[in-house]
Amino acid sequence: MNSLAKTIIIPHGCVENFVDFSDLPDGEHWFGQGVVMAALAHHVPGYSVDYPAPRRHSIQYCLDGCYRFEYGAEHGELRPGELLLLPGGRRQKFHAAESSRNIFWLLDPAEWGGELRFAHKRSSHGELLRLLMETALHERYSPSPESGLRRNLANLAVSLIRQETAVAEHRESPLEKLAARLRLRPERQWTVDEMAGLCGLSAPYLHAVCRKQRGESPYGLLTRIRMELAETLLARTDYPVKVIASQCGYALPFSFTRAFVKHAGMPPSEYRRRAGHHG
């Protein structure tokens, strides 16, 4: 048995709609920009891929549901709005933990080189990328596809993907690293020891650094991140307050409302009304 053979299991009920431009002049690999494959996908439990020695980089953006992944020593869950950057050359395992939707891209290292480093983060341009991919798929099979529009869609999508994969020039500080991890899991009931472990500090030193650099405690930082998420969900969705409370780590809507009033100076319902979202 070849231990380097890849394994892909696609159960009945999975759908993968590939976004392709190879029917256009020079459209192969998205006009020579190194996008080997890309698709909008719906996966059911049982879907899994195992690449022991992938040659290509992989990017996964979760739209709905939950995926679980392993990448070398890294492992975790990919949830809606999160992006997973998996450079080639290291074992990748990826499977659907429940009925889930995602967008994935396979990239040619010859074109993308060392730009891609492992990352699990909130996407900056995920929803715009979704819109571009859906529009490109629609145009591909429309009765009168516009070649100029399709080329522009491809170029804009590649530009946004490059922005997502760009490595920041500065070295991430411990608090920046902590804040990024907390934003990925705001609903979790974090302890100070767990938060300290995320950024490689002791709990007492984390307290001191938070006070000195942010003027708040570690729990104050967590609460602020949760309240920023709550503001976004109240303004941009029609989720009930109890659902938003749960997504922000509050089991009781009353506790969430009390924290939100302290943060914003008004109840969640009033904030939503002023933000102009009426459901």
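Now for a quick tour of the structure. (Residues numbered from 1 in each chain as written. Predicted model: local features only at pLDDT ≥ 70, side-chain atom pairs only at ≥ 80, totals over all residues. Heavy atoms only, no water.)

**Concerning the layout of surface pockets**
For step 1, the next point in the chain: What the second largest pocket holds in volume is close to 1,100 Å³.
For step 2, the next point in the chain: In this structure, the second largest pocket is lined by 30 residues; those nearest its centre are Pro80, Gly81, Arg122, Leu229 and Leu233.
For step 3, the next point in the chain: Elements with a contribution of two residues or more to the lining of the second largest pocket: β5 (57-64), α3 (126-140), α5 (174-184), α8 (218-236) and α9 (241-247).
For step 4, the next point in the chain: Here the element with the most residues in the lining of the second largest pocket is α8; it accounts for six residues.
For step 5, the next point in the chain: Looking at the lining of the second largest pocket residue by residue, the classes come out as 10 nonpolar, 10 polar and 10 charged. (1 Å grid on protein atoms, 1.4 Å probe; cavity = no way out; pocket = protein on both sides within 12 Å on 5 of 7 lines; lining within 4 Å. Points joined across faces, edges and corners; volume = space filled by probe spheres on them. Helix = DSSP H or I, 4+ residues; strand = E, 2+ residues; numbered from the N terminus. Nonpolar A, V, L, I, M, F, W, Y, C, P; charged D, E, K, R; others polar.)

**Looking at the sheet that holds strand β10 (residues 100-107)**
For step 1, the next point in the chain: Spatially, the six strands line up as an open sheet ordered β2-β3-β10-β5-β8-β11, and their pairing is antiparallel. Each end of this open sheet is capped by a strand with a single partner; those strands are β2 (15-18) and β11 (119-122). Adjacent strand axes in the sheet meet at a mean angle of 20 degrees when their direction is disregarded.
For step 2, the next point in the chain: Bridge count for β2 against strand β3 (residues 35-43) is four bridges, and the pairing is antiparallel. Across the sheet, phenylalanine 18 pairs through a bridge with alanine 39, a residue of β3. (Pairing = 2+ DSSP bridges. Axes fitted to C-alpha atoms, helices over the stretch in contact; angles between N-to-C directions.)

**Remarks on the pattern of salt bridges**
For step 1, the next point in the chain: Scanning the entire structure with this criterion turns up 15 salt bridges.
For step 2, the next point in the chain: In this structure, the salt-bridge partner of arginine 140 is aspartate 23, at a minimum N-O distance of 3.4 Å. One end of the pair, arginine 140, is in helix α3; the other, aspartate 23, is in the loop between β2 and α1 (28-32), and 117 residues separate them in sequence.
For step 3, the next point in the chain: On the basis of relative accessible area, aspartate 23 is assigned to the partly exposed category, the value being 40%.
For step 4, the next point in the chain: Among the ionic contacts, a cluster of salt bridges with common partners joins Asp23, Arg140 and Arg150. (Salt bridge = Lys/Arg side-chain N within 4 Å of Asp/Glu carboxyl O. Buried < 20%, exposed > 50% of the residue type's maximum accessible area, 1.4 Å probe, protein only.)

**Remarks on the nonpolar core**
For step 1, the next point in the chain: Ranked by size, the top nonpolar core spans 30 residues in total, and within it Val19, Phe21, Trp30, Ile59, Trp105 and Met133 carry the most contacts.
For step 2, the next point in the chain: Other than its neighbours up to four places away in sequence, tryptophan 105 contacts Trp30, Val35, Met37, Ala38, His57, Ser58, Ile59, Tyr61, Leu129, Met133 and Ile161.
For step 3, the next point in the chain: Counting residues in each nonpolar core, the second largest holds 18 residues, with Val192, Met195, Cys199 and Cys210 among its members. (Core = buried A, V, L, I, M, F, W, Y, C linked by side-chain atoms within 4.5 Å. Contact = heavy atoms within 4.5 Å.)

**Some points on the sheet that holds strand β6 (residues 67-71)**
For step 1, the next point in the chain: The strand order β1-β4-β9-β6-β7 describes an open sheet built from five strands, whose pairing is antiparallel. Edge positions in the sheet fall to β1 (7-9) and β7 (74-78), since each has one partner strand and no second. Strand-to-strand twist across the sheet, computed as the mean angle between neighbouring axes with direction ignored, equals 10 degrees.
For step 2, the next point in the chain: Relative to strand β4 (residues 48-51), β1 runs antiparallel, the two being bridged by three bridges. Following the sheet pairing, isoleucine 9 is matched in β4 by serine 48.

**Structural notes on the packing of aromatic side chains**
For step 1, the next point in the chain: Counted according to the given criterion, the structure contains nine aromatic pairs.
For step 2, the next point in the chain: Taken together, a centroid distance of 5.8 Å and an interplanar angle of 45 degrees make the contact between phenylalanine 21 and phenylalanine 31 tilted. In this pair, phenylalanine 21 is assigned in the loop between β2 and α1 and phenylalanine 31 in helix α1, connecting sequence segments 10 residues apart. (Phe/Tyr/Trp six-rings, centres within 6.5 Å; stacked < 30°, edge-to-face > 60°.)

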